[in-house]
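For reference, the chains in residue letters:
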Amino acid sequence: MLLFALLVLSHATLGLPNAEQVTLPPWVTTESQPTTTDIPVTTREKADLGIRLPGSLKPLHYLVKLQPFINGNLSVFGYMEVEMEVLEPTSNITLHMADIITKNDTIKLHTAVQTPGRDLWIKKHEYDHGRQFYIAHLTRELQKGRKYVLSMEFLGYLNDKLHGFYRSTYMDDDGITRNVAATQFQPTDARKAFPCFDEPALKATFEIHLARESWMTTLSNMPLAETLPVMGQEGWVWDRYEKSVPMSTYLVAFVVSDFVQVNTTVNDKVLLRVWARQAAIDQAEYAMAVGPKILSYLEEYFNLSFPLPKLDMVALTDFSARGMENWGLTTYKETYLLYNGQVSTPESKMTVTEIISHELAHQWFGDLVTLAWWDDLWLNEGFASYVSFLGMDHAQPAWKIMETSIVIRLHVVFGLDSLESSHRISIPVSHPDEIAEVFDFISYYKGASIVRMMAHYLTEGTFRKGLNNYLRLFKYRNAVQDDLWNCLTMAAHEDGILPQDVTVKMIMDTWTLQKGYPVIQVIRSPNGSSATLTQERFLLEGSANSSSSTDYKWWVPLTFTTQSEANFSQTQASLWMKDSEDHVTVSFLPPKDQWVIFNLQQAAYYRVNYDDHNWNLIIQQLKKDHQVICPINRAQIIDDAMNLAKAGHLSYKIAIGVYSYLRNEGEYLPWVTSVGTLGYIEKMLRQSPGFGALKRYLLDLVLPLYETVGFDDKLEDPHLEQRKRKIAVNWACKLGHKDCLDKVLTLYRQWMANPDNTSLIPSNLKWTVYCRAIQEGGEAEWDFAWEQYLKTNVASEKTLLLSAMACTEESWILSRYLEMAINTTSGIRLQDVMVVLGNVATNDVGRPLVWDYLTLNWNDIYAFKKRRKGELMKQITGPFNTKQELEKVESFVTSGVSLEGNQRSVQQVEEKVRNNIAWMDANYDVIVQWLEQNGYSSKLRVA
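It should be emphasised that the depicted structure is a prediction, and the values quoted were computed from it without experimental measurement.

A. Representation of the overall build of the protein chain in the model. When helices and strands are counted, the protein chain shows 27 helices and 31 strands. For the protein chain, the C-alpha radius of gyration of 29 Å lies close to 30 Å, the compact-globule estimate for 943 residues. Counting only C-alpha atoms, the protein chain reaches 95 × 70 × 60 Å along its principal axes. Going through the 943 residues of the protein chain one by one, you find that 62% of them count as buried. Considering only contacts within the protein chain whose residues lie at least 6 apart along the sequence, 72% involve residues at least 24 apart. Summing over all exposed atoms, the protein chain offers an accessible surface of approximately 35,600 Å²; the carbon and sulfur share of this is 49%. Both charge centroids of the protein chain, one from 89 positive and one from 110 negative side chains, sit 2 Å from each other.

B. The arrangement of the pattern of salt bridges in detail. Overall, the coordinates contain 43 salt bridges when judged by the stated rule. The closest approach of N and O atoms between Arg-178 and Asp-172, which form a salt bridge, is 2.9 Å. Here Asp-172 falls in the buried class, since its relative accessible area comes to 15%. In this structure, Asp-844 engages Arg-686 in a salt bridge whose closest nitrogen and oxygen atoms are separated by 3.9 Å.

C. How the structure looks around the side chain of Asp-639. You can see Asp-639 is positioned in helix α13 (residues 631-646). Residues within four places of Asp-639 in sequence aside, it is in contact with His-411, Phe-414, Arg-607, Thr-673 and Thr-677.

D. A look at the nonpolar core. Within the largest apolar cluster, 295 residues are counted, with the highest numbers of intra-cluster contacts made by Phe-194, Tyr-386, Met-454, Phe-463 and Tyr-697. The element that contributes the greatest number of residues to this core is helix α16 (residues 691-709), accounting for 12 residues. Counting 26 residues, the second-largest nonpolar core is a separate cluster that includes Tyr-166, Tyr-250, Trp-275 and Met-324.

E. How the structure looks around the pairing of strand β24 (residues 518-524). The element β24 is extensively covered by neighbouring structure, given that five of its seven residues are classed as buried. The pairing of β24 with strand β25 (residues 531-537) spans seven bridges and is classified as antiparallel. Across the sheet, the residue bridging to Val-519 is Glu-536, located in β25. Hairpin remark: β24 followed by β25, antiparallel, with six residues in the connecting loop; positive phi at Gly-528, about 85°. In this structure, β24 lies alongside strand β31 (residues 607-610), joined through four bridges in parallel fashion. Bridging from a neighbouring strand, Val-519 pairs with Arg-607 of β31.

F. Structural detail: the state of the cysteines. Taken as a whole and judged by the stated rule, the model has two disulfides. The residue that forms a disulfide with Cys-733 is Cys-740, at a sulfur-sulfur distance of 1.9 Å. Looking down the S-S bond of the Cys-733 and Cys-740 bridge, the torsion is -95°, so its handedness is left-handed. A residue is classified by how much of its surface remains accessible, and Cys-733, at 3% relative accessible area, is buried. At a sulfur-sulfur separation of 2.0 Å, the disulfide partner of Cys-771 is Cys-807. Its S-S torsion of approximately -105° makes the covalent link between Cys-771 and Cys-807 left-handed. Here Cys-771, found in helix α19 (residues 766-776), pairs with Cys-807, found in the loop between α21 (795-804) and α22 (811-823); they are 36 residues apart in sequence, far enough to count as distant. The pair Cys-771 / Cys-807 is uniform in exposure class, with both members buried. In the protein chain, numbering the disulfide-bonded cysteines from first to last in sequence yields the connectivity 1-2, 3-4.

Rules behind the numbers
Residues numbered from 1 in each chain as written. Predicted model: local features only at pLDDT ≥ 70, side-chain atom pairs only at ≥ 80, totals over all residues. Heavy atoms only, no water. Helix = DSSP H or I, 4+ residues; strand = E, 2+ residues; numbered from the N terminus. Rg over C-alpha atoms; globule rule 2.2 N^0.38 Å. Buried < 20%, exposed > 50% of the residue type's maximum accessible area, 1.4 Å probe, protein only. Contact = heavy atoms within 4.5 Å. Areas by Shrake-Rupley, 256 points an atom, 1.4 Å probe, with all protein chains shown as cover. Lys, Arg positive; Asp, Glu negative; His and termini not counted. Charge placed at Lys NZ, Arg CZ, Asp CG, Glu CD. Salt bridge = Lys/Arg side-chain N within 4 Å of Asp/Glu carboxyl O. Core = buried A, V, L, I, M, F, W, Y, C linked by side-chain atoms within 4.5 Å. Pairing = 2+ DSSP bridges. Disulfide = S-S within 2.5 Å.

As structure tokens, this is what we get:
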């Protein structure tokens, strides 16, 4: 309600237009200026809210005219017409509106074919703040099947919250502040720009008109149709855009800026442009190279042409998300679209490629065919995430994305989905806070992982056939997951992939309508020739006694190979474990002295546990010749073993034994998996007496890799070789290896002595060099990094420096840094506040500072989305593993703070802390004892 209240203040208070400031557009009359009595406000308790619109009306077409005073008082004059079809007789019109003021006298309703003097009477106007509804109560009922047009004038405001229609600024090379207006409507913020039916299923066509000062530029979803003067306002013009294809309101977008562009034509039919501020447009070269390549690939993959004549990609200086798939006008935070080959890191290049590919995949999966409601968000995000990896793989095949990055995401989401407080992938949501909460790893990366699983068990050809049928059948419409299941089932039956009595819905409902995932227990017979397989939900220690853990069963696609075959390429299910079966038996296995491995290429979404004998056979194979087992399954074995041990399903003696071969490992994926799983133990023991022994053990593991790949980075090295070097150097320095730290400090101080030489520090090693040098150094090193942050024109470099400055162990510098970020007057952008807070929270010295700030100011923090507070709390509490720390969390939760939009995140925090405590109780002594038995003792010799 804050913004609404601000908008109805006097002109002097808000700075609304007056005669001296601006001439009103002719379509906004003086009489339509807002007053505090125009729209009655009613409020309801959240528990009583029914936020879905009535189903009596369907929007067909919008005419939206907006004049944002981006260089003036930040107000927005607006006019909206919406043509509606009546589906059921109704005596009121309800649509969404928030942070907008309208004058009742300007609201008109008439039939679509207007008869002079036949305006329909509106007897009462109502604004329901709690549900963000505008309701027009009518004198008579609208007739079913008829079409009507509602029109109104309104006044909006360019907010500074990075959602709705918002404002942004940047400073050009001459030191002049430039203003930008942009939109971010997903999921429920189109209503903050213009009154509308703001639900994804209510698609309509749009004709957008944007007024601008003649020296600026506007963009919207469709190509520009014409530019005309604004009558009575010298220096202003109207940009009218072509009528759009049918689309959801959250995909409508516009940008007003002085950005410049570079362009190309894709397949002789689609104009692709990249827009950025003048000083950064030279960083658009990579996006211009990779964007057309991915767009062409996706057209081929979906067997469906891109449906619009143009595609704009805009690098925004302030943006709350990484990217947004607005149809024909994709928007990005600068760091996720622009790339400077001399300054940006290889990781930045990967991220830019992924985000571009993700937003382009959405142009079909999300834009062309759209979810019917937000409970199926995963249909948008899971598919776009999976397909984005395919696009990346096509654009950069040397990166081996389908063998590395997608598997890493699988391991990450396994961690979240092994909590009792996880959620099903298709989950009922209603309130906007609940909708925002499901934009998480479950929707994105569990979604991508189960899509990948389908592609494997259906086979790629059948999977693509079903997808193509789905997109063609539902294009320009909305769909639910059952629609997709039907199309995939038809293709599977036609191709003989699934039996006629088995449907994709039968299989996939077990993965989308219940949370979690199974661990498949493989117990071989005494002679090894057969195995009994059972399934149960995998939960981490501390949740294992949950009553629900035995209630979950899945349709599980089973694949396996044996020591004599060692064929890891067959990923189509060789048999299924149904959700109705207690167990299945696999016969014709090799003798007991030969191993079996299940879940080939970790193509399916489950963990595998074996009897101890089979585990030891696998370990022996890894030590003898690890290359017999494919790299993905080597990573799977590491990740499964360590997490099974973490949950109490496997002894740590066996799990840590898997690492015994690692000194000979040359592939990136097993290494990144290893340091990830060992990172948990390192985090748990960091404040304990046993940490010294663990540190020596970890150094013994990492140093052979460090010595093999070397510290010195070579740009001509293969991409995955560089990524291995980054792991080796980062961990060697993190664990205090003198050679590594000496080289880091030498490089950083050479840079301090010659700050204009941006090539002194290899881009691949920048994070380690920046972070460790600032950690080992003092005020001079930190202040130098800050100077470079202010100086650089590369957004990804700014983000990297912001992250690295949180590495200092000087508490007073961290306190100063937090104050700079929170006040946001120092040059740190609103969108980057979380970068600072999140990185300081992972610093042992800074963690208490961020905890105090977050808990003391929880209800007053508006600097970022509500749900981001919950994510920050997760970062702070990640290492919490004592009862005292759990009491701190519980005390905060019960202190009366509002947890709206963060309930699930806070539940996960509490559960993780309890799990950490349980892990320490069960495993600390076991780990320390193992370390001592293997020559890594923390004990001092006693004289």
